[in-house]
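# A closer look at the structure
What follows is each chain in one-letter form.
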Amino acid sequence: MVATLVYQCRSPLPPRVDRRNMHKPRHSPFISCVLTKPTTNIETSTDESKNVYKDNWYDRLAINHISKNLQASTGLRNSKGGYDGFVEASTMASKLLTPTEQQKIVIETLNMAFPRPILNLIRKLMPQSRFAREFFAVFTTIFFVWLVGPCEVKESEFEGRKEKNVVHIKKCRFLEETNCVGMCTNLCKMPSQAFIQESLGMPTTMVPNFEDMSCEMIFGQQPPPPTSDPAFTQPCYKQCKATRRHQKNCTSS
């Protein structure tokens, strides 16, 4: 899962990196091709084709913002910066919280990260429609590459007609870094679906592919219940970075 809405642009100023340690606080449908957004901020490593990200100032700002909010929500701090700090905060949450608690804490984090008045305004101005579904898809490919990695808009069939309402994430950055099915479902998929529905009034289904680490975000489609969602039948990866021992299905409590 996930700062006001900031327009991504190039800055003439060098990036400002906060190197201070953080301290403990007080508290799928048929899909065919279409629109592709060029990505210039990553390169592919020769080490098992793992993506290496070159985050710009906007990426670092967004990553640090969501990481600090997650750490504030859990009360668990770490001294790492950038995406590593975000992954560390997520891993700590997955170790110490139940799946249900993880989902709730992420929703709380997203509510802290995104101003409620702006979300309410978007919901009022953009009720569910073809335009809204396609707008959210394009918006995601532009402003959330820092979170999930390179993605593109694809076309699907919605109520008998073609719409560009699907975001195809080529290789999810979060899943690649964590190598954990449970963290994908409980710290991203489920809370993101719930947050988008509740805050923007837009039903959204996320369909991760655990074989190639890709994912589809389908705007306008109601997600299935966990009892019938294929994501909850997937065993975790052998190289899972969560430091607890998983059962076959690490998404369960």
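Rules and cut-offs
Residues numbered from 1 in each chain as written. Predicted model: local features only at pLDDT ≥ 70, side-chain atom pairs only at ≥ 80, totals over all residues. Heavy atoms only, no water. Pairing = 2+ DSSP bridges. Helix = DSSP H or I, 4+ residues; strand = E, 2+ residues; numbered from the N terminus. Phe/Tyr/Trp six-rings, centres within 6.5 Å; stacked < 30°, edge-to-face > 60°. Lys NZ or Arg CZ within 6 Å of the ring centre and 35° of its normal. Salt bridge = Lys/Arg side-chain N within 4 Å of Asp/Glu carboxyl O. Buried < 20%, exposed > 50% of the residue type's maximum accessible area, 1.4 Å probe, protein only.

### Comments concerning the pairing of strand S5 (residues 161-169)
- Here strand S4 (residues 151-158) runs beside S5; their pairing, made up of seven bridges, is antiparallel. Opposite Lys 154, over in S5, you have Val 166 as the bridge partner.
- Summarising the sheet, S5 and strand S7 (residues 214-219) pair through four bridges and their orientation is antiparallel. Within S7, the residue paired with His 168 across the bridge is Glu 216.

### Overview of the packing of aromatic side chains
- Taken as a whole and judged by the stated rule, the model has 13 aromatic pairs.
- The ring of Tyr 53 is capped by Arg 173, whose NZ or CZ atom sits 4.0 Å from the centre of that ring.

### Comments concerning the pattern of salt bridges
- Enumeration over the complete set of coordinates arrives at nine salt bridges.
- Among the salt bridges present, the one from Glu 177 reaches Lys 50, with a minimum N-O distance of 3.7 Å. With Glu 177 in helix H7 (residues 173-178) and Lys 50 in the loop between strand S2 (42-44) and strand S3 (51-53), this residue pair connects regions lying 127 residues apart in the sequence.
- The exposure class of Lys 50 is partly exposed, given its relative accessible area of 29%.
- Among the salt bridges present, the one from Arg 133 reaches Glu 163, with a minimum N-O distance of 2.8 Å. Of this pair, Arg 133 sits in helix H5 (residues 130-143) while Glu 163 sits in strand S5, and the two are 30 residues apart along the sequence.

### Regarding the environment of Pro 230
- Looking at the element boundaries, Pro 230 is found in the segment after S7.
- Its relative accessible area of 59% is what places Pro 230 among the exposed residues.
- As for Pro 230 and Val 207, which are separated by 23 residues in sequence, their C-alpha atoms are 8.7 Å apart.

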